[in-house]
Amino acid sequence: MPITIKSAREIELMTEAGRILEIVHDELAKSLHPGMSTMDIDQLGEEVIRSYGCIPSFLDYNGYPASICVSVNDEVVHGIPDRHRILQDGDVVSLDAGVIYKGYHSDAARTYGIGEISKEAEDLIKVTRESFFEGIKYAKEGNYLFDISAAIGRYASIRGYGVVRDLCGHGIGTALHEAPEIPNYEMNRKGVKLKSGMTLAIEPMINAGTWEVDWLDDAWTVVTRDHSLSAHYENTVLITDNEPKLLTLSK
Ligand code: MF3
Ligand code: CO
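What counts, and at which threshold
Residues numbered from 1 in each chain as written. Chains lettered and ligands numbered in written order. Predicted model: local features only at pLDDT ≥ 70, side-chain atom pairs only at ≥ 80, totals over all residues. Heavy atoms only, no water. UniProt positions renumbered as here; feature names shortened; annotations may be inferred. Salt bridge = Lys/Arg side-chain N within 4 Å of Asp/Glu carboxyl O. Helix = DSSP H or I, 4+ residues; strand = E, 2+ residues; numbered from the N terminus. Buried < 20%, exposed > 50% of the residue type's maximum accessible area, 1.4 Å probe, protein only. Pairing = 2+ DSSP bridges. Near = heavy atom within 4 Å. Polar contact = N/O pair within 3.5 Å; in protein donor to acceptor, adjacent residues only side chain to side chain. Areas by Shrake-Rupley, 256 points an atom, 1.4 Å probe, with all protein chains shown as cover. Nonpolar A, V, L, I, M, F, W, Y, C, P; charged D, E, K, R; others polar.

- An unreviewed UniProt entry annotates the chain as Methionine aminopeptidase originating from Clostridium scindens.
- Its UniProt record gives the chain a comment under Subunit (unreviewed entry), which states: "Monomer."
- The annotation that UniProt attaches to the chain under Catalytic activity (unreviewed entry) is "Release of N-terminal amino acids, preferentially methionine, from peptides and arylamides."

1. Regarding the pattern of salt bridges
Line of reasoning, step 1. All told, the structure shown has 14 salt bridges when counted by the stated rule.
Line of reasoning, step 2. With a closest N to O distance of 3.0 Å, Lys251 and Asp26 form a salt bridge. Of this pair, Lys251 sits in the segment after β15 (245-246) while Asp26 sits in helix α1 (residues 8-31), placing them 225 residues apart in sequence.
Line of reasoning, step 3. For Asp26, a relative accessible area of 32% corresponds to the partly exposed category.
Line of reasoning, step 4. Linking Glu75 and Arg85 is a salt bridge whose minimum nitrogen-to-oxygen distance equals 2.8 Å. Taken together, the positions of Glu75 in strand β3 (residues 75-77) and Arg85 in the loop between β3 and β4 (92-101) put the pair 10 residues apart, joining distant regions of the chain.
Line of reasoning, step 5. The class for Glu75 is buried, based on a relative accessible area of 10%.
Line of reasoning, step 6. For Arg85, a relative accessible area of 30% translates into the label partly exposed.
Line of reasoning, step 7. Through salt bridges that share partners, Glu22, Asp26 and Lys251 make up one connected network.

2. Topic: the pairing of strand β8 (residues 178-182)
Line of reasoning, step 1. Where strand β7 (residues 169-171) meets β8, 3 bridges bridge the pair, whose relative direction is antiparallel. Bridged to His170 within β8 is Glu181.
Line of reasoning, step 2. In sequence, β7 turns back onto β8 through a hairpin of 6 residues.

3. Focus: the site of ligand 1
Line of reasoning, step 1. In the region of ligand 1, 13 residues are neighbours, and Asp96, Asp107, His170, His177 and Glu203 sit closest.
Line of reasoning, step 2. For ligand 1, an oxygen atom lies 2.8 Å from a polar atom in the side chain of His170.
Line of reasoning, step 3. Within the side chain of Glu203, one N or O atom sits 3.1 Å away from an oxygen atom of ligand 1.
Line of reasoning, step 4. Burial of ligand 1 by the protein chains amounts to 95% of its free accessible area of 330 Å².
Line of reasoning, step 5. Across the shell around ligand 1, the residue classes tally to 6 nonpolar, 3 polar and 4 charged.

Here's what the structure looks like:
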């Protein structure tokens, strides 16, 4: 599949999809507290998404059974909400969500600490977020896609973190996953030239220990092989002829 270049009208719709998803994340962030279940997060998320007339894009995607991916501690991504999984003080929780607005997708993830978290956890969350911002310094028309990948990977790995290699970011538009794939590590080629009107979900997944991951028997949940903590940070990004626009982050 070729990489789609969005028209002005499509960019309007994706901007609205992004704006709504930012509100969803803000509502989820406010609700987080020890004692709640990961299913509570999913229920609230689905409610907020539908209250804006949107569809939760993850629900039933390849059989995924929920609207919000909730991944705790050594879970990297795609954790399945569970009413028996209760958040506790000190947990590191990654929330990944996607909405469809009038046929257009947005996708974003955030990682939070519950109550007091360790210095190790704080640093991991911070470096994961920073690696995203390091990457998008290169998200400009005329640069190459893997400039972004290399910048993210370099930023996290020189700080001693494990950069997940088994999952990537992606193009996004009328489908959740469009071309191109966006690795979070250095490639030995440049990748495609970035063009104004491309929309990309850029999503570093960073581990406190090894980069290696495993899949649990539920066939969804990705965990770190050494059970070290993991963090995830993602925004839907529009390439312009100037600075990139973060469609899922206005502040
Ligand atoms: N943001 C994730 C991704 O891009 C989550 C989608 S997987 C789903 O892969 F199955 F949960 F939808
Ligand atoms: Co994504």
